[in-house]
Amino acid sequence: MEAENSSLRKIHFINMRLSISSWQKLASGIRSSKALQKLRFNRMNFERNHEQLEILIEAINKCQSIESIDLSCNELSDRYGSLIAGFVQAQIEMRDEYKWKSVLRIGRQPSVDIVNRGLKEFILHHNCLGENFMKSMASRIKEDDYLRFLDLRYNKLPQDMLMNFLKTINSNKYLVGLDIRGNIGYAQSAGIKRALSLFL
């Protein structure tokens, strides 16, 4: 993957085993790509190979063109909750930096194209995320005006955790899609479904 000149827009890995050196090369390309928009890593056994996940996270956090991240079906546990939620924070900081530099350089707000860059879709269904992730994610997106869709289906999230999450992000006016079906708390509570319908 030739980072600077690549026109590659999408990467999708399913159930692949790569060496650390291969992950590092892949990360280097992701980190400096100007065209890559969509990343999908499914059934990659990250839970047992945490070093690979950490390499990937560091690279994605530096990529300026990513719009969609799909880490579904990886059995990711809550010990990675803060790291995974950090994707959103890194994207917020990156775009805010763009705006700040643009104002300093040209004396006005940046173009719509620059403002619209970055993470819009985050897909995390069929994992094992929990309280650590939910608290970290909620604190980051409650005032975020970039992310549009978050998929948290089938993470075994209980009712109280889902309700607290919805209450925390209630001030977010830009998230237009939140899928929490298949979680324990969603199936058990009409209140969760009602709160979700009011939020969206």
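Structure: see above.
Summary of the structure given here. Every value quoted in this text rests on a predicted model; they were computed, and no experiment measured them.

**Some remarks on the packing of helix 5 (residues 131-141) against helix 6 (residues 159-168)**
Thinking step 1. In contact at an axis separation of 9 Å, helix 5 and helix 6 are set at 10 degrees when each is read in the N-to-C sense. On the basis of their axis angle, the class for helix 5 and helix 6 is roughly parallel. Contact residues: helix 5 offers Glu-131, Met-134, Met-137, Ala-138, Ser-139 and Ile-141, while helix 6 offers Met-161, Leu-162, Phe-165 and Thr-168.

**Points about the nonpolar core**
Thinking step 1. Counting residues in hydrophobic clusters, the biggest one holds 53 residues, and the most contacted among them are Ile-30, Phe-41, Phe-122, Met-137, Leu-150, Phe-165 and Leu-178.
Thinking step 2. Element by element, the count of residues in this core is highest for helix 2 (residues 50-62), at 6 residues.
Thinking step 3. Ignoring sequence-local partners within four residues, the contact set of Phe-122 consists of Ile-69, Ile-84, Phe-87, Val-88, Met-137, Leu-147, Phe-149, Leu-150 and Asp-151.

**Let's talk about the packing of helix 1 (residues 20-32) against helix 2**
Thinking step 1. Across the interface, helix 1 lies against helix 2 with an axial gap of 8 Å and an inter-helix angle of 10 degrees. The angle between helix 1 and helix 2 falls in the class roughly parallel. Judged by the twist between their axes, the crossing of helix 1 over helix 2 is right-handed. Where helix 1 abuts helix 2, its residues Ile-20, Trp-23, Gln-24, Ala-27, Ile-30 and Arg-31 lie against Glu-51, Gln-52, Ile-55, Leu-56, Glu-58, Ala-59, Ile-60 and Lys-62.
Thinking step 2. When the residues that make up the contact of helix 1 with helix 2 are grouped by side-chain class, the tally is 8 nonpolar, 2 polar and 4 charged.

**A word on the pattern of salt bridges**
Thinking step 1. Tallied over the entire structure, the rule returns 9 salt bridges.
Thinking step 2. Two residues, Arg-153 and Asp-179, come together in a salt bridge whose shortest N-O distance is 3.5 Å. Of the two residues, Arg-153 is situated in the loop between strand 5 (149-151) and helix 6 and Asp-179 in strand 6 (residues 177-179); the sequence distance between them amounts to 26 residues.
Thinking step 3. Connected through salt bridges with shared partners, the residues Asp-151, Arg-153, Asp-179 and Arg-181 form a single ionic network.

**Considerations on the pairing of strand 2 (residues 38-42)**
Thinking step 1. In the sheet, strand 1 (residues 10-14) pairs with strand 2 via 5 bridges, with the strands oriented parallel. The residue of strand 2 that forms the bridge with Lys-10 is Lys-38.
Thinking step 2. Regarding the hand of the β-α-β motif, the stretch spanning strand 1, helix 1 and strand 2 is right-handed.
Thinking step 3. Direction of pairing for strand 2 relative to strand 3 (residues 68-70): parallel, over a ladder of 3 bridges. The residue bridging Arg-40 from the neighbouring strand is Asp-70, located in strand 3.
Thinking step 4. With helix 2 bridging strand 2 and the parallel strand 3, this β-α-β connection has right-handed handedness.

**Describing the sheet that holds strand 2**
Thinking step 1. Taken together, 6 strands build an open sheet; the order of strands is 1-2-3-4-5-6 and the sheet is parallel. Edge positions in the open sheet fall to strand 1 and strand 6, since each of these has one partner strand only. Recorded for the sheet is a direction-independent mean angle of 0 degrees between the axes of neighbouring strands.
Thinking step 2. Bridge count between strand 5 and strand 6: 3 bridges; the pairing is parallel.

**Describing the side chain of Asn-172**
Thinking step 1. Mapped onto the elements of the fold, Asn-172 is located in the loop between helix 6 and strand 6.
Thinking step 2. Using a relative accessible area of 5% as the deciding quantity, one classes Asn-172 as buried.
Thinking step 3. From its side chain, Asn-172 meets the backbone nitrogen of Tyr-174 in a polar contact 2.8 Å long.
Thinking step 4. From its side chain, Asn-172 meets the backbone nitrogen of Leu-175 in a polar contact 2.8 Å long.

Thresholds, definitions, all that
Residues numbered from 1 in each chain as written. Predicted model: local features only at pLDDT ≥ 70, side-chain atom pairs only at ≥ 80, totals over all residues. Heavy atoms only, no water. Axes fitted to C-alpha atoms, helices over the stretch in contact; angles between N-to-C directions. Helix = DSSP H or I, 4+ residues; strand = E, 2+ residues; numbered from the N terminus. Parallel < 35°, antiparallel > 145°, perpendicular 65-115°, else oblique. Contact = heavy atoms within 4.5 Å. Core = buried A, V, L, I, M, F, W, Y, C linked by side-chain atoms within 4.5 Å. Buried < 20%, exposed > 50% of the residue type's maximum accessible area, 1.4 Å probe, protein only. Left-handed = near helix turned anticlockwise from the far one by under 90°. Nonpolar A, V, L, I, M, F, W, Y, C, P; charged D, E, K, R; others polar. Salt bridge = Lys/Arg side-chain N within 4 Å of Asp/Glu carboxyl O. Pairing = 2+ DSSP bridges. Right-handed = clockwise from strand over helix to strand, strands pointing away. Polar contact = N/O pair within 3.5 Å; in protein donor to acceptor, adjacent residues only side chain to side chain.

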